[in-house]
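# Results of the structural survey
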Amino acid sequence: MMEKWIEERLIETIGLERYKHSLGVMNTAIELAEIYGVDIEKARKAGLLHDCAKFKDQINLLKMAYDFDIILDSVMEHNIQLLHGPIGSKIAEVEYNIKDRDVLDAIYYHTTGRERMTVLDKIIYIADYIEPGRNFKGVNEVRKLAYENLDKSILLAMDNTIKFVIDKGQLIHLDTIKSRNYLKIRLKLE
Ligand SMILES: [Fe+2]
Ligand SMILES: [Fe+2]
């Protein structure tokens, strides 16, 4: 992987800044994959490509979702940002030749999470939150936790995100609530 054409296509479509962010996510995901026993190649591909649909140019994401036969729920319809996960999964498959379902799913759910996230899903979700370029209130606590207890770090990141989204008056996706509750129940049973 990490062939030249992938780097060039990513920089051209998502821009240099988001490409650097993607490298940060890739490297963090590889570190976490080593700790939590996940296939390094899957973590590398999913990390590098997770934002491949965060286009730098104005693009009609609704039309693109329609063209890819992505079924939109009402939250996605009203929060177009969330579409870059599902669309990214399709772009990774069609344009970057990724056939691995685990990788495509991790890209699909990297923004919302989902109930019963796989370990790879979790690694990409949290790597996106804590990669070295991230610098916001509360990130250090999540960063530390990610290397100690993956579930606890995701729960904290989701709680922070949900509070942030509520403060901004936006919609919360059902998959986020489901995965947050699922983790919460699991951790209580531990
Ligand atoms: Fe993203
Ligand atoms: Fe990202």
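Above this text is the structure in question.
Described in the following lines is the structure provided in the data block. (Residues numbered from 1 in each chain as written. Chains lettered and ligands numbered in written order. Predicted model: local features only at pLDDT ≥ 70, side-chain atom pairs only at ≥ 80, totals over all residues. Heavy atoms only, no water.)

## Digging into the packing of helix α8 (residues 119-130) against helix α10 (residues 150-167)
- Two elements in contact, α8 and α10, have axes whose closest approach is 10 Å; the angle formed by their N-to-C orientations is 50°. Judged by the angle between their axes, α8 and α10 are oblique. When the axes of α8 and α10 are compared, the crossing they make is left-handed. For the pair formed by α8 and α10, the contact residues are Val 119, Lys 122, Ile 123, Tyr 125, Ile 126 and Tyr 129 on the first element and Leu 150, Asp 151, Ser 153, Ile 154, Ala 157, Met 158, Asn 160 and Thr 161 on the second.
- Partitioned by chemical class, the residues of the contact of α8 with α10 number nine nonpolar, three polar and two charged. (Axes fitted to C-alpha atoms, helices over the stretch in contact; angles between N-to-C directions. Helix = DSSP H or I, 4+ residues; strand = E, 2+ residues; numbered from the N terminus. Parallel < 35°, antiparallel > 145°, perpendicular 65-115°, else oblique. Left-handed = near helix turned anticlockwise from the far one by under 90°. Contact = heavy atoms within 4.5 Å. Nonpolar A, V, L, I, M, F, W, Y, C, P; charged D, E, K, R; others polar.)

## Comments concerning the coordination of the iron ion (ligand 2)
- Every protein donor of the iron ion (ligand 2) is accounted for by His 21 (NE2), His 50 (NE2), Asp 51 (OD) and Asp 128 (OD), and the metal-donor separations fall at 2.2 to 2.3 Å.
- Taken together, the four donor atoms coordinating the iron ion (ligand 2) and their angles of 81 to 175° define a geometry best described as irregular.
- A separation of 3.5 Å is found between the iron ion (ligand 2) and the iron ion (ligand 1), both of which receive a donor from Asp 51. You can see His 21 sitting in helix α2 (residues 16-36) and its partner Asp 51 sitting in the loop between α3 (40-49) and α4 (61-67), a full 30 residues away along the chain.
- What makes Asp 51 buried here is its relative accessible area of 2%. (Donors = N, O, S within 2.8 Å, 3.2 Å for Na, K, Ca; no water. Tetrahedral: all angles 85-135°; square planar, octahedral: opposite > 155°, others 65-115°. Buried < 20%, exposed > 50% of the residue type's maximum accessible area, 1.4 Å probe, protein only.)

## Structural notes on the nonpolar core
- Counting 53 residues, the largest nonpolar core has Leu 10, Leu 49, Ile 87, Tyr 96 and Ile 126 as the members making the most contacts within it.
- Of all the elements, α8 adds the most residues to this core, at eight residues.
- For Tyr 96, the residues in contact, after removing those within four places along its chain, are Trp 5, Ile 6, Arg 9, Leu 10, Thr 13, Leu 49, Cys 52 and Ile 91. (Core = buried A, V, L, I, M, F, W, Y, C linked by side-chain atoms within 4.5 Å.)

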